[in-house]
Amino acid sequence: MTSGCHNKSASPFSESAEEDLSTFQLEPGFKIELIASEPLVRDPVDMTIDEYGRMYVVEMPGMPLNKSGLGKVIMLSDTSGDGKMDKRTVFADSLIMPSGVTRWKKGILVTDPPKVYYMEDTQGDGIADIKKVVLTGFDTSNLEANVNNPEYGLDNWVYLADLPVGGGSGIRYADDTAGTALPESSVRFRPDRRQLEVLSGQTQFGQAFDAWGNHLLVNNSNHIFQNVVATRYLQRNPDLVAPSAIQTLADHSEVFPITKNPEYQMLTNVGVFTSACGLATYLGGAFPDPYNHDVTFVCEPVSNVVHVDRLSSDGVTFKANRILDHKEFLASTDPYCRLVNMYTGPDGALYVVDFYRQVIEGPEFMSQEVLDSVDLYNGTHKGRIYRISAKDAAAPEWTKGLELGNATDQQLVEKLADKNIWWRRNAQRLLVDRKPAGAVPLLTEMAQNTKSPMGRLHALWTLEGMDTLSSALITRALKDPEAGIRENAIKLAELHLSADPSLAAALLPLKDDPDRKVRFQLLLTLGFLDTPEVNQIRQQLLFRDINDKWVQLAALSASSSQATALLDAVLAKFDAGNAAYALLVKSLSAIIGKSQPAAVMQPYVREATAVSAAQGRWQAPLLEGLAEGLGSRKDLPAGIEAERALLMQSCLEHPAMPIREGALNILKVIGLSPGAQTQKTLQKARQMAADAKLPEEQRAGAIDFLALQSPASYSSLLKSLIVPREPLPVQLAALRALSLVPGLEVSQYILQRWLTLSPELRNAAINAFMSDDRRIDLLLNAVASGKINTGEISWSQSVRLRSLGNMELRKRARTLLTQKSDERENVIKDYRAALSLKGDAAKGKAIFQQNCSVCHQVRGKEGRAFGPDLGTVHAWAPSDIMINILDPNRSIAHGYDSWDVSLNNGESAQGIISEETPTAITLSDANGHTSNIARQDIKSLKALKLSPMPLGLEKKIDKQQMADLLSFLRQGE
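Structure report, in brief. The shown structure was predicted, so the numbers you read here are calculated from the model rather than taken from an experiment.

**Topic: the packing of aromatic side chains**
Logical step 1: Under the definition given, this model contains 18 aromatic pairs.
Logical step 2: An angle of 85° between the planes, with centres 6.3 Å apart, marks the rings of Phe 287 and Phe 297 as edge-to-face. With Phe 287 in the loop between β22 (277-282) and β23 (295-300) and Phe 297 in strand β23, this pair connects stretches of sequence that are 10 residues apart. In this pair, the class of Phe 287 matches that of Phe 297, namely buried.
Logical step 3: Relative to Trp 398, the ring of Tyr 351 has its centre 5.9 Å away and its plane inclined at 80°; by these criteria the two rings are edge-to-face.

**Here we look at the sheet that holds strand β5 (residues 71-77)**
Picture the strands of a sheet paired through backbone hydrogen bonds; they go either parallel or antiparallel.
Logical step 1: Pairing in this open sheet of four strands is antiparallel, and the strands run β3-β4-β5-β6 from one edge to the other. Each having just a single partner strand, β3 (44-49) and β6 (87-95) make up the two edges of the open sheet. Shown here is a sheet whose adjacent strand axes are inclined to one another by a mean of 20°, direction ignored.
Logical step 2: Of the pairings in the sheet, the one linking strand β4 (residues 55-59) to β5 comprises five bridges and is antiparallel in character. By the bridge assignment for β5, Val 57 is matched with Ile 74.

**Here we look at the pairing of strand β14 (residues 187-190)**
Logical step 1: Residues Val 187 and Phe 189 of β14 are buried on one face, and the alternating residues Arg 188 and Arg 190, pointing to the opposite face, are buried as well.
Logical step 2: Relative to β14, strand β12 (residues 158-161) runs antiparallel, the two being bridged by three bridges. The residue of β14 that forms the bridge with Val 158 is Phe 189.
Logical step 3: By the bridge criterion, four bridges tie β14 to strand β15 (residues 195-198) in an arrangement that is antiparallel. Residue pairing across strands places Phe 189 opposite Leu 196, the latter belonging to β15.
Logical step 4: Between β14 and β15, which pair antiparallel and follow one another directly, the connecting turn spans four residues, one of which, Arg 194, has a positive phi of 60°.

**Let's talk about the side chain of Thr 23**
Logical step 1: With respect to the helices and strands, the residue Thr 23 is situated in the loop between α1 (15-20) and β1 (24-26).
Logical step 2: There is a polar contact of 2.9 Å between the side chain of Thr 23 and the side chain of Ser 332.
Logical step 3: Beyond its immediate stretch of four places on either side in the chain, Thr 23 contacts Ile 258, Ala 331, Ser 332, Thr 333 and Asp 334.

**Comments concerning the pattern of salt bridges**
Logical step 1: Taken as a whole and assessed by the stated rule, the structure comprises 39 salt bridges.
Logical step 2: Where Glu 397 meets Lys 400, a salt bridge forms, and the shortest distance between an N and an O atom there is 3.2 Å.
Logical step 3: The salt bridge involving Lys 719 is made with Glu 745; its shortest N-O contact spans 2.7 Å. Placement of the pair is Lys 719 in helix α22 (residues 715-721) and Glu 745 in helix α24 (residues 745-752), with a sequence separation of 26 residues.
Logical step 4: For Glu 745, a relative accessible area of 35% puts it in the partly exposed group.
Logical step 5: The network of salt bridges with common partners includes Asp 50, Glu 51, Arg 54, Arg 103 and Arg 429.

**Quick notes on the state of the cysteines**
Logical step 1: Summed over the entire model, instances satisfying the criterion amount to zero disulfides.
Logical step 2: Not part of a disulfide, Cys 277 finds its nearest cysteine sulfur in Cys 299, a span of 5.2 Å.
Logical step 3: Using a relative accessible area of 6% as the deciding quantity, one classes Cys 277 as buried.

**A short note on the pairing of strand β28 (residues 350-354)**
Logical step 1: Burial of β28 is extensive: five of the five residues sit out of reach of the surface.
Logical step 2: Side chains of β28 alternate between two faces, with Leu 350, Val 352 and Asp 354 and Tyr 351 and Val 353 buried alike.
Logical step 3: Pairing of strand β27 (residues 339-344) with β28 involves five bridges; the strand directions are antiparallel. From the neighbouring strand, Met 342 faces β28, where its bridge partner is Val 352.
Logical step 4: Between the antiparallel neighbours β27 and β28 lie five residues, among them Gly 348 with a positive phi of about 80°.
Logical step 5: Alignment of β28 against strand β29 (residues 384-390), held across five bridges, turns out to be antiparallel. Residue pairing across strands places Tyr 351 opposite Arg 387, the latter belonging to β29.

**Quick notes on the nonpolar core**
Logical step 1: Within the largest apolar cluster, 225 residues are counted, with the highest numbers of intra-cluster contacts made by Met 55, Val 229, Phe 297, Phe 329, Ile 388 and Phe 705.
Logical step 2: Excluding residues that lie within four positions of it along the chain, Val 229 makes contacts with Ser 200, Leu 234, Ala 245, Phe 520, Leu 524, Trp 550 and Leu 553.
Logical step 3: Judged by nonpolar contacts, the second largest core, of 22 residues, contains Val 827, Val 873, Met 882 and Ile 883.

**A closer look at helix α31 (residues 878-886)**
Logical step 1: The buried count for α31 comes to eight of nine residues, which makes it a mostly enclosed element.
Logical step 2: Residues Ser 879, Asp 880, Ile 881, Met 882, Ile 883, Asn 884, Ile 885 and Leu 886 constitute the buried set of α31.

**Re the sheet that holds β29**
Logical step 1: Here we have four strands laid out as an open sheet, ordered β2-β29-β28-β27, and antiparallel in their pairing. Of all the strands in the sheet, the pair left with one neighbour each is β2 (30-37) and β27. Taken over all neighbouring pairs, the strand axes of this sheet differ in orientation by 25° on average, direction set aside.

**Concerning the environment of Val 228**
Logical step 1: For Val 228, the location among the structural elements is in the loop between β18 (225-227) and α2 (231-235).
Logical step 2: By relative accessible area, Val 228 is classed as buried at 10%.
Logical step 3: When the C-alpha atoms of Val 228 and Gln 204 are compared, they prove to be 17 Å apart, with 24 residues separating the residues in sequence.
Logical step 4: If sequence neighbours within four positions are ignored, Val 228 has contacts with Ala 245, Ile 246, Gln 247, Thr 317, Phe 520 and Trp 550.

**Digging into the environment of Gly 278**
Logical step 1: Residue placement: Gly 278 occurs in strand β22.
Logical step 2: We classify Gly 278 as buried; its relative accessible area is 0%.
Logical step 3: Note: C-alpha distance between Gly 278 and Gly 206 (72 residues apart in sequence) is 4.5 Å.
Logical step 4: Not counting residues up to four positions away in its chain, the partners in contact with Gly 278 are Phe 205, Gly 206, Phe 297, Val 298, Cys 299, Val 340, Asn 341 and Met 342.

Here is what the cut-offs are and how they apply
Residues numbered from 1 in each chain as written. Predicted model: local features only at pLDDT ≥ 70, side-chain atom pairs only at ≥ 80, totals over all residues. Heavy atoms only, no water. Phe/Tyr/Trp six-rings, centres within 6.5 Å; stacked < 30°, edge-to-face > 60°. Helix = DSSP H or I, 4+ residues; strand = E, 2+ residues; numbered from the N terminus. Buried < 20%, exposed > 50% of the residue type's maximum accessible area, 1.4 Å probe, protein only. Pairing = 2+ DSSP bridges. Axes fitted to C-alpha atoms, helices over the stretch in contact; angles between N-to-C directions. Polar contact = N/O pair within 3.5 Å; in protein donor to acceptor, adjacent residues only side chain to side chain. Contact = heavy atoms within 4.5 Å. Salt bridge = Lys/Arg side-chain N within 4 Å of Asp/Glu carboxyl O. Disulfide = S-S within 2.5 Å. Core = buried A, V, L, I, M, F, W, Y, C linked by side-chain atoms within 4.5 Å.

By themselves these figures say nothing about function.
Below is the structure:
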């Protein structure tokens with residue numbers, strides 16, 4: 001039903017807004033109504049409804065570039081009682097880019113980067129006379145990722161969405177100039193308690209919670225993922241490098257728009273998520289089945305749709321599966337329709353915020369051709385808010401006013417059991433705010449209400465927020481028949497373990513809980529305890545679900561002091577046929593190597609290097625983990641040098657190559673001892689390196705061993721091994737070792753032999769130039785003279801050279817390795833002829849496989865997922881696709897820009913940040929290498945503003961091949 005509100009003579013809405021209702025296609029069983037539009041509301045991005053029925057709407061007319069202070073928070077009201085807004089009051093103005101609002105205390109919290117405000121009207125005139133900055137320091141550099149969408153959580157914290165892409169000044173309370181500021185991140189805070197914490201998962205525009213408090217996140221291309229492991233668990237073990245704390249839930253990325261004459265991006269009838277935002281779990285209790293339970297909605301404004309998924313349990317996390325095939329829950333034919341946010345109202349209806357603009361993308365993600373032809377502000381001062389409800393739903397009554405703000409304690413407690421989350425959440429918030437002593441008995445009774453799991457859940461967290469939750473109630477909740485209650489009861493018990501240690505005993509029986517999520521939470525919480533009984537139970541929980549990576553992370557997150565006992569247990573049960581055991585051995589060994597004294601490590605080293613029937617199974621990952629942990633220490637533990645002789649022997653004599661490599665990796669960290677034994681071993685390694693009868697991997701290993709000591713004395717030998725007749729692994733090892741010889745000798749030798757080096761050797765040879773400025777100067781001279789072709793320098797090497805600390809060398813590198821913008825424009829102009837050629841998608845697929853699949857996939861298929869999935873571009877204009885292929889630095893997709901990481905040990909690395917947590921980042925490069933780097937090991941982190949994608953594809957494919965490639969990419973299969 002889309003036509004029930006067209007009384008134009010009395011309508012406060014614009015005629016075009018009324019007519020726009022006819023552009024929607026909505027799932028049967030529902031109706032959509034216009035609740036507000038221009039001129040009452042303009043450029044809306046978020047809304048909330050308070051306990052008195054007042055609708056607050058955030059307006060962002062400055063999007064994308066106008067920061068002159070046009071932003072507002074308005075209050076809409078229905079003076080006629082017909083369920084439609086007809087009065088506008090400006091609650092607050094002069095905001096820059098306001099991006100979210102939620103009710104708090106007697107006012108509202110408003111995000112307006114770099115600040116979060118508390119605003120309150122104390123005069124009753126609908127205008128905020130209190131406008132206090134609560135938090136500050138958020139980044140303002142990227143509109144699509146700035147702080148937004150505050151949400152009041154089940155745990156009484158306020159959660160703020162924020163995707164770190166720049167570098168704010170540091171997030172802090174505005175009046176706390178002396179305190180430590182937090183890095184740019186999604187955060188949670190409790191203003192009344194001065195608490196502020198970073199979150200382990202980052203969300204872009206929007207966030208949501210399910211009924212049990214699970215935190216769901218969203219970004220442009222990933223429309224639903226879960227924050228699985230909270231920050232507090234990761235931070236308690238600084239020796240754990242946790243690469244990620246999030247889990248993608250959806251098994252699909254397609255959306256199905258119906259837009260007529262779509263704007264720029266949407267040129268086919270099928271698209272993918274490129275602007276997902278405004279994620280919402282539907283908990284209103286007023287929708288028809290199958291939409292009334294376990295359902296999430298998400299906006300996709302580029303495609304003019306609202307998408308729906310069903311959530312189902314999947315181990316410790318969830319799956320989000322499409323409900324509708326080849327269609328969307330809500331779709332509009334109007335290309336200006338920009339649905340950006342959603343809100344569940346007091347009536348159980350879903351309120352949808354329509355920004356209504358011609359352009360929704362940030363200009364940094366648009367081609368110059370588009371920028372030159374469109375007004376970025378076309379549509380400004382328009383906006384709509386729609387109400388989606390069951391087809392037979394009555395008109396909203398809340399618009400006539402609500403009295404929840406005047407409710408008695410008894411009435412508020414009763415609302416904790418309401419079927420609609422709006423009433424439950426606001427009743428909880430009001431009770432926590434007021435802390436009425438008389439409500440405690442009522443809440444205690446509700447916490448034991450057998451008829452309402454939601455009533456019990458909210459009563460428990462309300463009592464916690466009021467600081468009146470008893471251990472007896474927690475203990476009772478740990479035995480609740482509802483798994484979600486038991487899971488939350490464990491979290492509540494965790495908060496009280498210090499004050500009441502007896503709660504630990506009440507937790508332990510849950511080790512046999514039939515629900516995996518309950519057992520997972522128990523494992524996380526037990527990591528704060530360290531007793532023999534608790535450690536035994538932690539081991540039981542781990543081994544029961546050892547193949548679950550999240551269970552492994554939960555076990556690893558406990559204090560480093562517990563790592564040795566856990567490692568012993570894993571080794572005792574080691575299953576060589578299950579890769580989870582080897583991964584766990586490596587992770588635990590890394591923690592031990594980073595945190596424990598030599599006396600703890602020595603028995604493991606000796607057992608791992610012993611020749612046995614089980615060689616190469618758990619031993620290799622154990623040695624690899626120890627090397628990783630030792631390498632991250634500031635100072636080596638005293639006594640570890642005693643293992644050098646055994647490790648040297650293992651390097652050259654152990655029958656298993658993985659053990660040799662593991663021993664070598666430890667020696668790279670702890671070094672060799674001076675003395676006759678070391679010299680004897682080095683001489684043996686020299687003989688092995690030169691012995692052509694030995695297997696190539698043993699010879700290469702012997703060369704790597706020689707490199708542990710200054711290899712200058714072996715220079716002649718190493719040079720003699722860099723010849724075409726030698727196996728490639730031997731040549732590469734010799735080149736690596738030779739590059740460690742100080743000075744320019746190796747670089748000059750490489751240049752002399754350049755024409756005889758194979759492509760793979762040339763790549764390694766160029767790396768040998770990177771160790772100091774004098775060698776780099778020699779390399780750049782060779783490039784300038786034409787001895788080394790710029791095409792022989794890989795993109796990652798080019799990025800390193802163009803981001804050198806030496807400004808003179810950096811300038812030279814950029815001059816030599818970067819084509820001028822006009823040269824790129826000439827290439828693009830030349831290749832425009834490809835746009836008029838008929839392409840062959842089958843041939844284009846082959847071109848993709850040959851040239852693009854090393855870094856890209858198409859809808860999760862064909863190649864390697866390093867760069868953006870090119871299934872997301874099939875709906876772009878062919879010219880836009882081609883421009884981004886030929887000039888990748890023009891528009892760098894979020895999350896795929898290059899970073900330079902300088903480490904405290906003097907080393908550096910470049911790549912994209914593929915995963916991050918508060919304690920670590922994962923850096924990936926175009927060669928398929930990934931490295932997990934602890935944040936405490938990072939000296940500096942700098943965005944290079946360069947795409948990892950190399951220039952020069954036009955040198956590999958002609959115009960017809962470009963047409964074929966475009967045909968394949970636009971097909972999107």
